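Structural features, examined
Take a look at the letters that make up each chain.
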Amino acid sequence: MANEIQQPNAYDLVGNPVLVGGIGSGFEATLQYRVHDGHDERTGHFNVGGGTGEHGQFQISVDVTGAAFQLDRLFVEVFEESANDGSEINKVIVPVIYGPRIVTGYYGYRLHLVQPGDTLSAIANANYGDPNRYHDIARANPLLINDPDLIFPGQLLKIPIGM
């Protein structure tokens, strides 16, 4: 079995700290992690299992305070460093959406099931008191919204919430 990230899932909306969980195995029970957007990153290592070849569950909390992320989309990576040459092997990468880049004081999200007649502007107005914040909802749902003028009944949208 290769390393596996079970949390977060691809394109989940995450906050700070970024919580990462899964199953893994690494040389001398050590795995590395990286959370990045291609401009800045947070890295570190953790122990998992009892030793080389043994798999164990892991759960880590990655504090990204002060990271100069420039994009909404981050990558969460877990990998082993090769004992032979130090290269990154058995790497798992999960793309996520970083809520604090979208709303100030991000702490979670609401779910909104799109109904006939709904518009992003109306949903933004109902949640933020400002119809012009429809783009915040679009940014939080990149797999569902390609065009902010086109949403469809039955879509389940994440509405990022902050203070």
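Attention in this report is confined to the structure presented alongside it. (Residues numbered from 1 in each chain as written. Predicted model: local features only at pLDDT ≥ 70, side-chain atom pairs only at ≥ 80, totals over all residues. Heavy atoms only, no water.)

As for helix α1 (residues 120-128)
Buried residues of α1: Leu 120, Ile 123, Ala 124 and Tyr 128, and no others. Angular distribution of buried residues about the axis of α1 spans 100°; they occupy a single face of the element. Looking at the packing, one finds that the buried side of α1 touches β9 (108-113), α2 (134-140) and β10 (156-161). Looking at the residues trailing α1, positive phi occurs at Gly 129, about 75°. (Buried < 20%, exposed > 50% of the residue type's maximum accessible area, 1.4 Å probe, protein only. Helix = DSSP H or I, 4+ residues; strand = E, 2+ residues; numbered from the N terminus. Arc of directions from axis to C-beta. Contact = heavy atoms within 4.5 Å.)

As for the sheet that holds strand β5 (residues 41-47)
The five strands are arranged β2-β8-β7-β4-β5 in an open sheet whose pairing can be described as mixed. Pairing within the sheet leaves two strands with one partner each, and these edge strands are β2 (13-14) and β5. Note that strand β7 (residues 73-81) and strand β8 (residues 88-98) share eight bridges and pair antiparallel. Paired with Phe 75 across the bridge in β8 is Pro 95. (Pairing = 2+ DSSP bridges.)

Quick word on a nonpolar patch on the surface
Taken together, the side chains of Tyr 109, Leu 111, Leu 113 and Leu 156 make up a nonpolar region of the molecular surface, amounting to roughly 390 Å² of accessible area. Element by element, the count of residues in the nonpolar patch is highest for β9, at three residues. Tracing the backbone shows Leu 113 in strand β9. By relative accessible area, which is 45% here, Leu 113 ends up partly exposed. (Patch = residues over 30% accessible without salt bridge, like charges linked within 9 Å, V, L, I, M, F, W, Y side chains within 5 Å. Areas by Shrake-Rupley, 256 points an atom, 1.4 Å probe, with all protein chains shown as cover. Salt bridge = Lys/Arg side-chain N within 4 Å of Asp/Glu carboxyl O.)

Thoughts on the sheet that holds strand β6 (residues 56-62)
If you walk across this open sheet you meet the three strands as β1-β3-β6, and the pairing is antiparallel. Both outer strands of the open sheet, β1 (4-7) and β6, are each paired with one neighbouring strand and no more. Across the sheet, the axes of successive neighbouring strands diverge by a mean angle of 30°, strand direction being ignored. Here strand β3 (residues 18-24) runs beside β6; their pairing, made up of seven bridges, is antiparallel. Note that in β6 the partner of Val 18 across the bridge is Val 62. (Axes fitted to C-alpha atoms, helices over the stretch in contact; angles between N-to-C directions.)

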